[in-house]
Amino acid sequence: MEKFKLPFVRSHIHHSAPPPDMSGVDAKPVYLQVGNSPNNGYALSNVVAVSSVDLPDNIYVQVDKLFVFTTRHSNDVPPGKIGFNGNQRTWGGWSLNQEILVQPFDLFRYSGKQSYLGSLDVEISFRSRAKAIPTPFDQDELAQHFTKCFESQIFSPTQYLIFEFKGHIFDLKVRSLQTIDLGDVEPSTPLASGIETKGILTKQTQLNFFKGRDGLVNLKSSNNLRPRSDAVIRPDFKFEDLGVGGLDTEFTKIFRRAFASRIFPPAVIEKLGISHVKGLLLYGPPGTGKTLIARKIGKMLNAKEPKIVNGPEILSKYVGSSEENIRNLFKDAEAEYRSKGEESSLHIIIFDELDSVFKQRGSRGDGTGVGDNVVNQLLAKMDGVDQLNNILVIGMTNRKDLIDNALLRPGRFEVQVEIHLPDEQGRLQILDIQTKKMRENSMLEKDVDLSELAALTKNFSGAEIEGLVKSASSFAINKTISIGKGNTKLNQKDIAKLKVNRGDFLNALQEVTPAFGINEEDLKMCVEGGMIRYSETIDAILKNGDRYVRQVRESAKSRLVSLLLHGPPGSGKTALSAAIALKSEFPFVRLISPTEISGMPEASKIAYIDNTFRDAYKSPLNILVIDSIETLVDWVPIGPRFSNNILQVLKVALKRKPPKDRRLLIMTTTSTHSVLQQMDILSCFDQEIAVPNMTTLDDFNNVMIESDFLDDQGRVMVINELAQVCPRFNIGVKKALTNIETARHDDDPVSEIIELMVNSSGV
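Named according to an unreviewed UniProt entry, the chain is Vesicular-fusion protein SEC18 originating from Zygosaccharomyces mellis. What UniProt records for the chain under Sequence similarities (unreviewed entry) is the sentence "Belongs to the AAA ATPase family." In its Subcellular location (unreviewed entry) section, the UniProt record describing the chain reads: "Cytoplasm".

As a further point, take a negative patch on the surface. On the surface, a cluster of negative charge is made up of Asp-746, Asp-747, Asp-748 and Glu-755. Residue position: Glu-755 is located in helix α28 (residues 749-761).

Turning our attention to the side chain of Gln-62. As for its position among the elements, Gln-62 is in strand β3 (residues 60-63). Gln-62 has contacts with Phe-67, Val-68, Leu-101, Val-102, Gln-103, Phe-105 and Lys-198, leaving out every residue within four places of it along the chain.

With 17 residues, helix α14 (residues 462-478) should reach 24 Å at 1.5 Å per residue; the first-to-last C-alpha distance of 24 Å fits that figure. Within α14 the residues assigned to the buried category are Gly-462, Glu-464, Ile-465, Leu-468, Val-469, Ser-471, Ala-472, Ser-473 and Ala-476. Buried residues along α14 sit in contact with α11 (424-434), α12 (436-440) and α16 (502-511).

Pairing between side chains of opposite charge can happen when the charged atoms of each approach one another. Applying the stated rule across the entire model yields 21 salt bridges. Across the salt bridge formed by Glu-151 and Lys-203, the nearest N and O atoms sit 3.1 Å from each other. With Glu-151 in the loop between α4 (139-150) and β9 (154-155) and Lys-203 in the loop between β12 (199-200) and β13 (206-211), this residue pair connects regions lying 52 residues apart in the sequence. Overall, the relative accessible area of 57% leaves Lys-203 in the exposed class.

This brings us to the packing of aromatic side chains. Under the counting rule described, the total for this entry stands at 21 aromatic pairs. Centre to centre, the rings of Phe-700 and Phe-729 are 6.1 Å apart; their planes meet at 40°, and the pair counts as tilted. With Phe-700 in helix α25 (residues 697-706) and Phe-729 in the loop between α26 (712-725) and α27 (733-744), this pair connects stretches of sequence that are 29 residues apart. As far as burial versus exposure is concerned, Phe-700 and Phe-729 are alike and both buried. Joined through ring pairs, the aromatic side chains of Phe-126, Phe-137, Phe-146, Phe-150, Phe-155, Phe-163, Phe-165, Phe-170 and Phe-209 make up one cluster. Its guanidinium or amino end placed over the ring of Phe-210, Arg-175 lies 4.1 Å from that ring's centre, counting from NZ or CZ. The cationic tip of Arg-547 hangs over the ring face of Tyr-548; the distance from NZ or CZ to the ring centre is 4.9 Å.

Another aspect to go through is the sheet that holds strand β26 (residues 687-690). Strand order in the open sheet made by the five strands is β23-β24-β25-β22-β26, with parallel pairing throughout. Whereas interior strands pair on both sides, the edge strands pair on one side only; in this sheet they are β23 (588-592) and β26. Along the sheet, successive strands turn relative to each other by an average axial angle of 15°, direction set aside. Relative to β26, strand β22 (residues 560-566) is paired through four bridges, and the arrangement is parallel. Opposite Leu-564, over in β26, you have Glu-688 as the bridge partner. The strands touched by helix α18 (residues 536-554) are β22, β24 (621-626), β25 (663-670) and β26; relative to β25, the strand with the most contacts, the crossing angle is about 150°. With respect to the sheet, helix α21 (residues 602-615) is in contact with β23, β24 and β25, its orientation differing from that of β23 by roughly 165°.

Turning to the environment of Thr-457, a few remarks are in order. Tracing the sequence through the fold places Thr-457 in the loop between α13 (450-456) and α14. Under the relative-accessibility criterion, Thr-457 is labelled buried at 0%. Taking the C-alpha atoms as reference points, Thr-457 and Asp-423, separated by 34 residues in sequence, lie 9.6 Å from one another. Beyond its immediate chain neighbours, meaning those up to four positions away, Thr-457 contacts Arg-427, Leu-468 and Leu-509. Among the polar contacts listed, one links the side chain of Thr-457 to the backbone oxygen of Leu-453, at a separation of 2.8 Å.

This paragraph deals with the nonpolar core. Within the largest apolar cluster, 51 residues are counted, with the highest numbers of intra-cluster contacts made by Ile-623, Leu-665, Met-667, Phe-700, Leu-722 and Ile-753. Residues Leu-632, Val-675, Met-679 and Phe-685 belong to the second largest nonpolar core, which totals 30 residues.

Once that is clear, we can look at the environment of Phe-516. With respect to the helices and strands, the residue Phe-516 is situated in the loop between α16 and α17 (520-526). The sequence separation of Phe-516 and Pro-286 amounts to 230 residues, and the corresponding C-alpha distance is 8.8 Å. Beyond its immediate chain neighbours, meaning those up to four positions away, Phe-516 contacts Leu-421, Asn-459, Glu-464, Phe-588, Arg-590, Asp-615, Lys-618 and Ser-619.

We now examine the sheet that holds strand β5 (residues 81-84). Ordered by their spatial adjacency, six strands build a closed barrel running β1-β5-β2-β4-β3-β6, and the pairing between neighbours is mixed. Each strand of the sheet is rotated relative to its neighbour by a mean of 45°, with strand direction disregarded. Of the strand pairs in this sheet, strand β1 (residues 30-36) and β5 are connected by four bridges, and their pairing is parallel. Each residue of the ladder has a partner; that of Asn-36, found in β5, is Phe-84.

Here we take up a positive patch on the surface. Taken together, the side chains of Lys-543, Arg-547, Arg-550 and Arg-553 define a basic patch exposed on the protein surface. Of note, Arg-550 is situated in helix α18. For Arg-550, a relative accessible area of 42% translates into the label partly exposed.

A separate point is the pairing of β25. Summarising burial for β25: eight of the eight residues are buried, a large majority. Along β25, one buried face is formed by Arg-663, Leu-665, Met-667 and Thr-669 and the opposite face, lined by Leu-664, Ile-666, Thr-668 and Thr-670, is buried too. Pairing between β22 and β25: seven bridges, direction parallel. Bridge pairing in β25 places Leu-563 opposite Met-667. Note: β24 against β25, six bridges, orientation parallel. From the neighbouring strand, Ile-626 faces β25, where its bridge partner is Thr-668.

Time to look at the pairing of β23. Each regular strand displays side chains that alternate between the two surfaces of the sheet. For β23, a buried count of five out of five residues is recorded, marking the element as mostly surrounded by other parts of the structure. In β23, alternate side chains face the same way, and those of Phe-588, Arg-590 and Ile-592 on one face and Val-589 and Leu-591 on the other are all buried.

What counts, and at which threshold
Residues numbered from 1 in each chain as written. Predicted model: local features only at pLDDT ≥ 70, side-chain atom pairs only at ≥ 80, totals over all residues. Heavy atoms only, no water. UniProt positions renumbered as here; feature names shortened; annotations may be inferred. Patch = residues over 30% accessible without salt bridge, like charges linked within 9 Å, V, L, I, M, F, W, Y side chains within 5 Å. Areas by Shrake-Rupley, 256 points an atom, 1.4 Å probe, with all protein chains shown as cover. Salt bridge = Lys/Arg side-chain N within 4 Å of Asp/Glu carboxyl O. Lys, Arg positive; Asp, Glu negative; His and termini not counted. Charge placed at Lys NZ, Arg CZ, Asp CG, Glu CD. Helix = DSSP H or I, 4+ residues; strand = E, 2+ residues; numbered from the N terminus. Contact = heavy atoms within 4.5 Å. Expected span 1.5 Å × (residues − 1). Buried < 20%, exposed > 50% of the residue type's maximum accessible area, 1.4 Å probe, protein only. Phe/Tyr/Trp six-rings, centres within 6.5 Å; stacked < 30°, edge-to-face > 60°. Lys NZ or Arg CZ within 6 Å of the ring centre and 35° of its normal. Pairing = 2+ DSSP bridges. Axes fitted to C-alpha atoms, helices over the stretch in contact; angles between N-to-C directions. Polar contact = N/O pair within 3.5 Å; in protein donor to acceptor, adjacent residues only side chain to side chain. Core = buried A, V, L, I, M, F, W, Y, C linked by side-chain atoms within 4.5 Å.

Here it is in structure tokens:
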């Protein structure tokens, strides 16, 4: 049997003398029944009471191979029993009279040289809330008394214990610790928050006390370098705990700007002469996780429960009520700050749909001024005369441009973090989170490759990926349901074998499509019959288009490239633009066409164009195809010629460079080049590309070949006849393709195509 010699185990409760020499004492594993501590002395000393028949006095024992305690003999504990206090039983999850395994524990064999505690972080709460007092407790005095009571004992993160100080009884919880080798000059091990890490408390251990969840214990310290007693972020917090994937960079910025200063000792922050950040704005496309971040943020904080407010809930029809609603949100923080000052807890207020309430002042036009007063009230509360240093206001919006500018300056929402659409690695993280339960419960087939799904879900937001997983699950569930006439039943055998497979996800990809990014349906309609390279001119245009795509993707100086494709109606300008855009594989490709805004009033058209351009700045690589720009500006040859307001919006948008890390390629088409010249908009384009009609019969012959129209003999007959009647051939490819489809369904396609082409040529 192993012999255990403890270096610092005390022999009496609250006794600071060195422990007796335990050399030569043998102890065997035993099964004992859980009982109560024999008296308060044992309970407050954090030892376990045992009979001298079962175990030696003053040795370390491990219970259920996880929880470590120090033994203490008691004549009041019968053989076969082991006495725990209530907190010890809570920590281990044991019931009275439950049988547990108790065996000797050799920490040095378990941990090696790293067996002593360099630092110990402890949360402290009043055992009874009814006996809480506002008097501050000095952390240094608490640390000295804690060491006196528990020196030489082994501690682990998550451990619960009872602690008496100056007549007050406290509940303590070990939050985290750092183990060291006493011979180390500089500790190298990180803070640990898992129960498997264990260490011995010594007089040299740095003890840090933090407010417990109730926040009722007021702590003070004469040591300016002690960490805050109400540190905002839990030390055991990890990104994955939030269940939000693909946002590591954004979280890092949020923590650095909004929370780092709140972790530091207040004295250090005072020396820097800075105040804490009071406002954090999360903005970006819908579904990217802004509201989810705000909802989950309380999980990482030791703060008051966040107040979550939907923007429209603030507004009221009663005079002064809206402003009062704002004041009420800050009332608790003001009261605590007046009484506790910098020791006040952090109060978090979360505003969802911020743009719906705090719009630019003077923009509502409702004549009431209520909206302006609400903005003024929030400005005053966040950064007014009576400044609070214990608040953090988190706002979320899809439309940052609508928010009043005064709210976006330092002192208000000064930290502004854009929540992007996730990249492929981010989508993989989100898929991993969303399918975690499936994997844990063996409900996911082995043929499901999350990396493959991450690649297939380009432009999906986090919410859309969640929808994709739900859709895939519905396809899997549907296999177990038989739907008959008036009878729906579940196949019990199939339910037991239910798993979501790759096919279910592929089906879901046909059902769930991203709202942001490539509008493939509209673009593919523009090249429905495929891209017909009927001449070298078309090849050259496509080659030039690819070159401009590379320029936007690779050049550090070309954040914006704007092209104008001009030519006769039906020459294929839109099809060429769509083909170049689809081939680019840019994350964001969008078509602005007259079809989308037909029938809209002028103000709605302007808003639609402006919003589409703003969307095009949200992705790293973007392409906008603006079809028939003269129609967008409502140009007509007679009457009111065009809309000057829409024209000016387009002029500004075409010249406006995207943000630093964004690139945009704009391809605009027109059939009225001279009209654009008169409108003075040609200067907005970097390059112009002419797209001509077909001008030779060889071009038309190539179109017929690409369209698989007629055999060689038939095509020769068509070309020879057209050569006779159409000496000057000039026709758009779009019209030619329409004529071919019409002739294809005629009894005499050769004669029909000749007649249609002659009529189209105007001969």
